[in-house]
Each structure stands twice: as C-alpha cells, then as structure tokens.
Amino acid sequence: MSAHASIPRPAAARRSGPLRGRVRAPGDKSMSHRAMMIGLLAVGETHVTGLLEGEDVLATAKAARALGAHVERVGEGEWRIRGVGVGGLAEPDEILDFGNAGTGARLMMGVVGGHPITARFDGDASLRKRPMRRILDPLIEMGASVVEEAAGGRCPLTLAGARETIPIVYETPVASAQIKSAVLLAGLNAPGATTVIEREASRDHTERMLRHFGATIDVEPFGAHGRRVTLIGHPELEGSRVVVPADPSSAAFPLVAALLVPGSDVVVEGMMMNPLRIGLIDTLLEMGADIEFLDRGQAGGEDIATLRVRASRLTGVDVPAARAPSMIDEYPILAVAAAFAHGETRMRGLSELRVKESDRLAAVADGLAAAGVVARIEGDDLIVDGRGAARGGGIAATHLDHRIAMAFLVLGLAAEAGMGVDDSAMIATSFPAFMPLMSSLGAEVG
Ligand code: S3P
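Residues numbered from 1 in each chain as written. Predicted model: local features only at pLDDT ≥ 70, side-chain atom pairs only at ≥ 80, totals over all residues. Heavy atoms only, no water.

The name an unreviewed UniProt entry gives the protein chain is 3-phosphoshikimate 1-carboxyvinyltransferase, with Chelatococcus reniformis as the organism. One UniProt comment on the protein chain, placed under Subunit (unreviewed entry), says "Monomer." According to the UniProt record, the Subcellular location (unreviewed entry) comment for the protein chain is "Cytoplasm". (UniProt positions renumbered as here; feature names shortened; annotations may be inferred.)

Caption draft 1: Seen up close, the sheet that holds strand β5 (residues 78-84). An order of β4-β5-β3-β14 is seen for the 4 strands of this open sheet, with the pairing classed as mixed. On the outer flanks of this sheet lie β4 (70-75) and β14 (241-243), each paired with one strand and no other. Adjacent strand axes in the sheet meet at a mean angle of 20°, parallel and antiparallel pairs treated alike. Here 5 bridges tie β4 to β5, and the two strands are oriented antiparallel to one another. Within the sheet, the bridge partner assigned to Gly75 lies in β5 and is Glu78. (Pairing = 2+ DSSP bridges. Helix = DSSP H or I, 4+ residues; strand = E, 2+ residues; numbered from the N terminus. Axes fitted to C-alpha atoms, helices over the stretch in contact; angles between N-to-C directions.)

Caption draft 2: Examining the nonpolar core more closely. Ranked by size, the top nonpolar core spans 83 residues in total, and within it Leu284 and Met347 carry the most contacts. If sequence neighbours within four positions are ignored, Met347 has contacts with Val319, Tyr331, Leu334, Ala335, Ala338, Asp380, Asp381, Leu382 and Val384. Among the nonpolar cores identified, the runner-up in size contains 66 residues, and Met36, Ala66, Phe98 and Leu139 belong to it. (Core = buried A, V, L, I, M, F, W, Y, C linked by side-chain atoms within 4.5 Å. Buried < 20%, exposed > 50% of the residue type's maximum accessible area, 1.4 Å probe, protein only. Contact = heavy atoms within 4.5 Å.)

Caption draft 3: Expanded view of empty space enclosed by the protein. Using the criterion set out here, one finds 1 cavity of 30 Å³ or more in the structure. In this structure, the largest cavity spans a volume of roughly 50 Å³. Broken down by secondary-structure element, the contributors of at least two residues to the lining of the largest cavity are α7 (248-260) and α8 (279-286). The element best represented in the lining of the largest cavity is α7, accounting for 4 residues. Along the lines of polarity and charge, the residues of the lining of the largest cavity split into 7 nonpolar, 1 polar and 2 charged. (1 Å grid on protein atoms, 1.4 Å probe; cavity = no way out; pocket = protein on both sides within 12 Å on 5 of 7 lines; lining within 4 Å. Points joined across faces, edges and corners; volume = space filled by probe spheres on them. Nonpolar A, V, L, I, M, F, W, Y, C, P; charged D, E, K, R; others polar.)

Caption draft 4: Up close: the sheet that holds strand β18 (residues 318-319). If you trace the 4 strands from one edge of the open sheet to the other, you get β18-β19-β21-β20, paired in mixed fashion. Since the sheet does not close on itself, it has two edges, and those belong to β18 and β20 (374-378), each with one partner. Pairing geometry for β20 and strand β21 (residues 381-387), over 5 bridges, is antiparallel. Note on β21: the bridge partner recorded for Ile377 is Leu382. Its contacts with the sheet put helix α9 (residues 331-340) on β18, β19 (342-347) and β21, and the angle it makes with β21 is roughly 35°.

Caption draft 5: Structural context of the domain arrangement of the protein chain. Once the domains are mapped, the protein chain shows domain 1 (11-27 + 245-445) and domain 2 (29-243). If you average the C-alpha positions of domain 1 and of domain 2, the two centres end up 28 Å apart. Buried area between domain 1 and domain 2, summed over both chains or domains, comes out near 2,300 Å², and the portion from carbon and sulfur atoms is 51%. For the domain 1 face of the interface with domain 2, the top three residues by lost area are Leu276, Glu357 and Thr429, together amounting to 24%. The tally of links from domain 1 across to domain 2 stands at 4 salt bridges. Put simply, Glu357 and Arg130 hold a salt bridge, and the shortest N to O gap is 3.8 Å. Between domain 1 and domain 2 we count 14 residue pairs in polar contact (both at pLDDT 80 or more) in total. (Domains from an automatic or database assignment. Buried area = accessible area lost by both parts, 1.4 Å probe. Salt bridge = Lys/Arg side-chain N within 4 Å of Asp/Glu carboxyl O. Polar contact = N/O pair within 3.5 Å; in protein donor to acceptor, adjacent residues only side chain to side chain.)

Caption draft 6: The arrangement of the site of the ligand in detail. Taken together, Ser30, Arg34, Thr103, Ser176, Ala177, Gln178, Arg203, Ile328, Asp329 and Lys356 are the residues near the ligand. In this structure, an oxygen atom belonging to the ligand sits 2.7 Å away from a side-chain N or O atom of Arg34. Within the side chain of Asp329, an N or O atom sits 2.7 Å from an oxygen atom of the ligand. Within the complex, 95% of the 380 Å² of free accessible area of the ligand lies under protein. More than half of the atoms belonging to the ligand lie within 2 Å of the grid points that define the largest pocket. Elements represented by at least two residues in the shell around the ligand include exactly α1 (29-41) and α5 (177-187). Tallied by class, residues from the shell around the ligand come to 2 nonpolar, 4 polar and 4 charged. Both domain 1 (11-27 + 245-445) and domain 2 (29-243) contribute no fewer than three residues apiece to the shell around the ligand. (Near = heavy atom within 4 Å. Areas by Shrake-Rupley, 256 points an atom, 1.4 Å probe, with all protein chains shown as cover. Sits in = over half its atoms within 2 Å of the grid points.)

Given below as structure tokens:
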C-alpha cells in the first residue's frame, strides 16, 4: 500500500492578510494520466512537458513501465515514454498499485482489459472502497474477465484482458469520463468500431489525445447534452508531443482563496479552459466573482487563459445538476465559497460525489459543520447557508481525500478562527506544491 495512506500529517490555516502574487497550478491530472497511457500504447517516443508529478500520475508511470513502456524523467515535468504499440503490452510481474488514484486505476483497467494479459490492481484504503463494477461490466462485455475481486467489485482485483477484444456500443449509466475512457482504451485493440454514448458530456481529454496520436475518433451530439463517441480499433498510434496545461481543478484552490480573503488580488496563469472542465468558473461568475481573463491562448490542443482574481462579495446561487460533470471535482471548494457568500447556495444532483476519493458529500457537510457553517444534504443536493463569513476553528476529517484537505485549508484562510485538517499528506497526490504555492501568496498555512 502507498506510504501516504499510513502517516497522517495534520495541517492548519490561519486567517490571513490579502493574498497577492502570480501563481501557476501544476499540470492537469487527467491529461497527465492519459499522456502516460496513450504514450504506452503508441509506437515510438512520446515527449511530455508540464506533466503533473504528483503521486497519482507517478503510480500510472510505474504501471506503464510494468506493462512494457520505457518511461524516463528528463527534467521538471518533462518525460519521455517509448511505447509498445496497441497489442504489444507485456504481462506485468508486479501488482499495479495505483495508490489513491481512481483515474489511473480505472483507465488502466481499460488498457489491460483490451489486451490478452492478466494484471492485479490495488491501491490505498480510499481506492479499495471505490466501485469498480462500472468499469468491469463493459470490459466483461468486451471479452475480459475478473479472476478475483474484493467484495462488491472492489480492489484488490485481478483482471484477465480479452483474448479477442469485442467492439461494443455502450451507453454509460452515469456521466463519467473514467467509464467512457476505459471502454475507448479497451476498444483500441478491438477490430472495427467501439462506441460510447453518454447522456451528459463528460471531459473529453481521451478523445482529443487519441486523435492527436493518430486515432480515428468521431464525436457527435447525442440528445440535449450528450455525445456519441466512436473509435475505430487497431489504429497506428504514433509517439507524439504532449503539452499539459495547468489543471483547473487545482487552480480552483488559490482562485477561490483570492475571492474569499479580503483585499486579495491574484493572477492564476495558464489555466486549461476546456469547456467540459470550467463549470466552477461559470458558477463563480454567477455568484458575482471578480475574475478577469487577461490572456487567452492554446496549449496541448486546449484553450488556456490567465485569470486575475480579486476578493469579491459573493451571492448564493442555484447550481443545476446538468453542470455537475463540468465541475465534478470542484464541489468541495465551491461549498467553501458558498459559506462566505450571502444567501443560500443549492448544489443539485451530487450523487457521484459519494464515490470519489471519499464520500465527498458527507465529508463536505461534516467539515462545514466543524467550521460552524450551516449546511444540509437533501437527497443528492447540498445546501449551504451563506452568511458572508465563517467562524472556523474546527478540524475537518479528510478521509484520504486531497480535495477535502485543500478546500478546508482555504476555508481557514478566511475564517475568524482559522481551520485545521486531520491530514494533508495526500495533497501530494494532485498538488505537491500546494503549501509553498499558497504561502508565496501570503497565506498562513502549514
Ligand atoms: C476524471 C474523471 C472524473 C473526475 C476525476 C478525473 C478523469 O471522474 O472526478 O477526478 O480524468 O477522467 P468521473 O469521470 O468518474 O466522474
């Protein structure tokens, strides 16, 4: 099991003076995982810059090596991967230990599921609680089989990939880029067309990156908010250059901190602006956030922008369920913003939050209660009663969840009595430099 699972590191944030400065969030986690995996499946060399060197992605790099790739770090955030090509995976001798990383584990199950090899998947106590049936079910339709699994279709589990992968048409039961991606990655080694239908569009980094490496992928609208994605199997993926922009899900923390700490004025550089990832920005703008788009450009096939964020008076809003896929990882920090807003914020349709690194719906509600914020869960909705301020002073239980830890540390920067978290070690899974980056803005955190 990963080391960070066993040694908790409590941390605290104190009410801070105005945050000032210019920061850049680390590379996007979703793109970093995909660069490693698609690099593994390509022939020739893939050169990645801006890679997130967090524990989650390092676990994927290790798994890519175990499956036959030559993976080498050549500089800060700069990696070279020499792949084996679709169909060329080696059977791993070791357990593929993904630590805290649901994305790494689930997408790699797709990769393995489409190849005639057997691999054992495991992770930390958080990953062992997360449902894997949603990935295994379509992979079984494609010809894979589960040799062994923990109760309820969980890790540790052993997956035997398909001898001859069957192309399928699969409609995902929930809006999930992880399910979509697992099926598409397995479909790479199937003859003919593999189709995934999603009723609500989820992040599309897999589709974009596969196309960038030379695959034929067709994307059509499906219904009002959905998509139908069709991949032609057995492509010749060619090693490529991948530039990873800054992760909007990580940038969210300094960005919201700047909105909440009075007098703040912070520039957040080079943030990825993929429309399927920026529901938080739309919501904060609706709440009255002062966010200025200074510079727009392109990096790694994605729109990027530099944002100037100033402390703002926020108002509570109603966040529709249809927006959830575009801000699924941002609800903990949005709930913190809502606590400092004026009036009620209702976040609708959050059932998927229950199966993230922790039960985020419960962890957010409990953390807010510990901070003296009035909030409640009604069905799958979270309702926060914003009073323009929070007392803080409590300790949030993080349950091995990086985004819960960062969200409540941000709350502490603006709360009268600060805020503690019972553990911060797992922040290294997605944002290893979170503490020094926040300190560089003047945040009293550590
Ligand atoms: C991710 C997809 C999301 C998100 C996760 C990263 C991805 O999960 O929560 O942090 O990179 O595909 P779901 O697609 O399961 O909602």
